[in-house]
Amino acid sequence: MNREEAPGKSPEEMYIQQKVRVLLMLKKMGSNLTQNEEAFLRNYAGVVHAQMSQLPQHNIDQGAEDVVMAFSRQETEDRRQ
Amino acid sequence: WLYYNIYQSYLFLLLSPLFHCPFPSLFSISPPFLLSPSFSHLSLLSASSPPDMEAQYTLTRAQRVRAAMFPETLVEGEAVLAAQKDPGQQTNVQQLAEPSQLLKTAIVHLINYQDDAELATRAVPELTKLLADEDAVVVNKAAMIVNQLTRKEASRRVLMSSPQMVAAVIRAMQNTGDMETARCAASVLHSLSHQREGLLAIFKSGGIPALVRMLSSPMESVLFYAITTLHNLLLHQEGAKMAVRLADGLQRMVPLLKKSNPKFLAITTDCLQLLSYGNQESKLIILANGGPEGLVFIMRNYNYEKLLWTTSRVLKVLSVCPSNKPAIVEAGGMQALGQHLTGSSQRLTQNCLWTLRNLSDAATKQEGLDGLLQVLVSQLGSDDVNMLTCATGILSNLTCNNSRNKALVTQCGGVEALIHAVLRAGEKEDVAEPAVCALRHLTSRHQDAELAQNAVRLHYGIPAIVKLLGQPHYWPVVKATVGLIRNLALCPVNQAPLRDAGAIPRLVNLLLKAHQDTQRHASSAQQTYQDGVRMEEIVEGCTGALHILARDPVNRGEIASMQTIPLFVQLLYSYVENVKRVSAGVLCELALDKQSAEMIDAEGASAPLMELLHSSNEGIATYAAAVLFRISEDKSSDYRKRVSVELTHSLFKHDPVAWEMVRPASGSDAPYSLGGVSTGCRRTTLLGRLPCPAIVHFIRCLGGLDWLMPLGCLKPIQYLSNLPLLQERTVA
């Protein structure tokens, strides 16, 4: 999320920039977009192109992490043979 | 002579019914009585039979009886005529031959026993003195004699009943410089250790420290006698374990693992097991002396079954020790134990499996486990519940955060095998939980995750998995299952089968149940656990699964129709960051539908979403922004501008002191909200914590109090109206 002020940009330009970024992040996380949102991205392809390189490279939302199970809490003695 | 006479009479007692003769009275035997080889006493038999023929018959019979009982009296070349008509059938005399010889032997032993005991009793005091002699040769000879005496039971018993003798032997063993003397003395103690009285005598005479010292002997036979005697003491003598530990027995035994005699090693490892079971200090001593490496070496390089079994038992004991565990893994323990899972020894296989299971949580990053993983997948087909429990548990841990292992298990049919294990597990949670966890690992975060997601469906796993959400709830299994369902839903082709299996209503009901539970305990500080699972985890898991299921339009409609939107909006206020993320995520998907977007807006989601824009979690901030964009599509441009303002500015960006005053103490998101709307979630009001200048600045940033109205924040306005400084600015 772009929190830095961008001097010289109008509120409308800021809005477009932020929305493009949010929509690109959503796509990266696997979420669906509405038809309007897809059209929005097509309309502002230039902004999309500029934002793509600024997206984080790591995975954002992959669900809960794998967890090990601790089995060795107590000893069990087997029958001596 | 007397014993011999009695013995013969006993035989007649045995045999007379067979001869159809009345038993001759003992008192009719007139002393002195001598048995001649020709059995001339047989004239004592009944005189009623015809004299000539009968005499001939009984003489032959007598010869047969003699030959059966005393074969050593037969003259070389002498043979006894067989009496039976059918050579294949034994006569009564022949059948009684062996038992009568045993009886004879026992009586001879009885006669000799007394002799041996008397001899030993007379010799012990003298031998005791000689064992302490200054002359090494004398000591040596005395030791040899004592060793000879231990060969017979009677004399052995006399020796062990003499504490002075046992002490003398021990002293001789540890003080001598002569190897042969040491060997004889050690042999004596070894012989004595086969009886309880002997063990006690050795123990009481301080034999254990001496025997432990003998473990450093360069002589193999002394080593063998010492370790075997110590083994007998550890097995059968109370107090021996403590004594061995105190004598630094472990420090001397562990280096012996380098020896090459398999039987010696088997006894040594069994000693280690006896000493370390249930004793943490012993386990640490074994670790400090290189025990794990030595034991793993044995597992890798020997094939004597008993040795492998005893060694696996030691490893099993050490595998519950947090310090030993990584050392065993680093020494290659997983691979070494994995070599023995397909042999014919069931006890060895089972021990290796339990040990591997214990070690598995420390082996998630180990390489070279391909062979082990394949064997474990094949063992998932077993009907043995112990084998299933271990195989599923090991696979669950080895696939945890290890993309290579995940891919390998997926490629070798692990998904199908795990589904079958789940089906066979029934109510056995020890199998079901790790099996489902393993499937959950396989279906995410690796190159073949999609393959695994499809494989679950193709092998008819979806109905069985959804069924695990039913009652009775075993929460660890439920938690693992909702995570698996979430992963399965990532594959678009699985969405409809999951819906058809009834996943959505089950997830919603579980979510409601878990959320109600958290609300019930919200006022108290204690967290709610059921079967070791926090209900917040169930809330997170169910919401996360519904989030992914909501990517499908039909599922989306079904989820919204179950009146879930108010609950999801409430969850935005949760103090658990993951719950905030998944609830923002599911709302983001639901907001794709216009009707649901309006419902979300009507529930007042804007306020918490505005807060979440500032989350340090990128996922949360993105979902929150997306929901705000979607619910503001039909709003005025002024509203959209303010959303943009909120996106652009962070609160208190130009007033860091004020920000610090309201910043949460921990790394998690602050338990705060705008206003005091009670949703049952644990939080305090932000405005209640702000200093007045900060409040004024905050309001200026937002463009005045009247801006709060469209966002539905009535309560904060009421709160603010109570602050004297701001009364003049309060909107009615």
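Criteria and thresholds
- Residues numbered from 1 in each chain as written.
- Chains lettered and ligands numbered in written order.
- Predicted model: local features only at pLDDT ≥ 70, side-chain atom pairs only at ≥ 80, totals over all residues.
- Heavy atoms only, no water.
- Helix = DSSP H or I, 4+ residues; strand = E, 2+ residues; numbered from the N terminus.
- Areas by Shrake-Rupley, 256 points an atom, 1.4 Å probe, with all protein chains shown as cover.
- Salt bridge = Lys/Arg side-chain N within 4 Å of Asp/Glu carboxyl O.
- Buried < 20%, exposed > 50% of the residue type's maximum accessible area, 1.4 Å probe, protein only.
- Contact = heavy atoms within 4.5 Å.
- Buried area = accessible area lost by both parts, 1.4 Å probe.
- Polar contact = N/O pair within 3.5 Å; in protein donor to acceptor, adjacent residues only side chain to side chain.
- Nonpolar A, V, L, I, M, F, W, Y, C, P; charged D, E, K, R; others polar.
- Arc of directions from axis to C-beta.
- Phe/Tyr/Trp six-rings, centres within 6.5 Å; stacked < 30°, edge-to-face > 60°.
- Lys NZ or Arg CZ within 6 Å of the ring centre and 35° of its normal.
- Axes fitted to C-alpha atoms, helices over the stretch in contact; angles between N-to-C directions.
- Parallel < 35°, antiparallel > 145°, perpendicular 65-115°, else oblique.
- pLDDT = per-residue confidence, 0-100.

**Describing the overall build of chain B**
When you go through chain B residue by residue, the secondary structure sums to 40 helices and four strands. For chain B, the accessible area works out to roughly 33,100 Å², and carbon and sulfur atoms hold 55% of it.

**A look at the pattern of salt bridges**
Residues and elements named next belong to chain B. Per the counting criterion, the structure on display carries 18 salt bridges over all chains. Between arginine 520 and aspartate 517 there is a salt bridge; the shortest N-O distance is 2.9 Å. In this pair, arginine 520 and aspartate 517 both sit in helix α29 (residues 503–520), three residues apart, roughly one turn of the helix. Residue class for aspartate 517 comes out buried when judged on its relative accessible area of 10%. Members of the salt-bridge network, linked through shared partners, are Glu153, Arg157 and Glu197.

**Notes on the interface of chain B and chain A**
Between chain B and chain A, the residue contacts involve 67 residues of the former and 44 residues of the latter. Buried area between chain B and chain A, both sides added, is near 4,800 Å², and the carbon and sulfur share of it is 47%. The interface formed by chain B and chain A includes two salt bridges. In this structure, A:Asp66 engages B:Lys406 in a salt bridge whose closest nitrogen and oxygen atoms are separated by 2.7 Å. Along the contact surface separating chain B from chain A lie 10 residue pairs in polar contact (both at pLDDT 80 or more). It is helix α36 (residues 618–631) of chain B that contributes the most residues to the side of chain B that touches chain A, nine residues altogether. Within the side of chain B that touches chain A, the residues separate by chemical class into 18 nonpolar, 25 polar and 24 charged.

**Quick look at helix α2 (residues 35–43) of chain A**
Along α2(A), the positions that sit buried rather than exposed are A:Glu37, A:Phe40 and A:Leu41. One side of α2(A) holds all its buried residues, which, seen down the axis, span an arc of 95°. Among the exposed residues of α2(A), those pointing more than 90 degrees away from its buried face are A:Gln35, A:Asn36, A:Arg42 and A:Asn43. Looking at the buried positions of α2(A), the neighbouring elements they touch are α1 (11–28) and α3 (45–52) of chain A together with α36 of chain B.

**Things to note about the packing of aromatic side chains**
Following the criterion strictly, the structure yields two aromatic pairs over all chains and no others. When the centroid spacing of 5.3 Å and the interplanar angle of 85° are considered together, the rings of A:Tyr15 and B:Phe629 count as edge-to-face. Of this pair, A:Tyr15 sits in helix α1 while B:Phe629 sits in helix α36, each in a different chain. Across this residue pair, the class does not change: A:Tyr15 and B:Phe629 are buried. Where A:Phe40 meets A:Tyr44, the ring centres are 4.8 Å apart and the plane angle is 50°; that geometry is what we call tilted. A:Tyr44 gets classed as partly exposed once you look at its relative accessible area, which sits at 31%. One Lys or Arg, A:Lys19, reaches over the ring of A:Phe40 and ends 4.9 Å from the middle of that ring. Just above the ring of B:Trp309 sits the side chain of B:Arg313; from NZ or CZ to the centre is 4.9 Å.

**Some points on the environment of B:Leu275**
Residue and element names in this part refer to chain B. Note on placement: leucine 275 falls in helix α13 (residues 262–276). Separated by 164 residues in sequence, leucine 275 and leucine 439 have C-alpha atoms that sit 40 Å apart. Discounting residues that sit within four places of it in the chain, leucine 275 has contacts with Leu234, Lys241, Val244, Arg245, Leu250, Met253 and Ser282.

**A word on the packing of helix α34 (residues 594–602) of chain B against α36(B)**
Residue and element names in this part refer to chain B. Relative orientation of the contacting elements α34 and α36 amounts to 105°, with a least axis distance of 9 Å. Taken together, the axis directions place α34 and α36 in an arrangement best described as roughly perpendicular. Contact residues: Ala597, Ile600 and Asp601 in α34; Val627, Arg630 and Ile631 in α36. For the contact of α34 with α36, the class distribution of residues is four nonpolar, no polar and two charged.

**Remarks on the confidence of the model for chain B**
Reading fine detail from the predicted coordinates is not recommended where pLDDT is low. Residues and elements named next belong to chain B. Residue-level pLDDT values for chain B average 82, and 78% of them are 70 or greater. Note that pLDDT drops below 50 for residues 14–50; the model gives that stretch 43 contacts with residues more than four away or on any other chain. Note on residues 650–697: pLDDT is under 50 here. Beyond four places in sequence and across chains, it has 83 contacts. Scoring the predicted complex yields pTM 0.75 and, for the interface, ipTM 0.87.

**As for the environment of B:Gln335**
Here B:Gln335 is to be found in helix α18 (residues 333–338). For B:Gln335 and B:Arg66, which are 269 residues apart along the polypeptide, the C-alpha to C-alpha distance reads 66 Å.

**Quick look at unusual backbone geometry**
Phi is mostly negative for residues that are not glycine, and the peptide bonds are mostly trans. All names here are of chain B. For the bond running from glutamine 471 to proline 472, omega is 0°, close enough to zero to count as cis. By the element assignment, proline 472 lies in the loop between α26 (462–467) and α27 (475–488). The residue asparagine 401 is not glycine, and still its phi comes out positive at about 55°. Note on placement: asparagine 401 falls in the loop between α21 (385–398) and α22 (403–411). The exposure class assigned to asparagine 401 is partly exposed, which follows from its relative accessible area of 48%. Positive phi outside glycine occurs at aspartate 531, with the angle close to 50°. Within the secondary structure, aspartate 531 sits in the loop between β1 (529–530) and β2 (533–534).

**Remarks on the side chain of B:Ser583**
Residue and element names in this part refer to chain B. On the secondary structure map, serine 583 appears in helix α33 (residues 577–590). Looking at serine 583, its side chain comes within polar contact range of the main-chain oxygen of valine 579, at 2.7 Å. Here lysine 580 takes part through its backbone oxygen, which lies 3.1 Å from a polar atom of the side chain of serine 583. Other than its neighbours up to four places away in sequence, serine 583 contacts Thr543, Phe568, Leu571 and Leu572.

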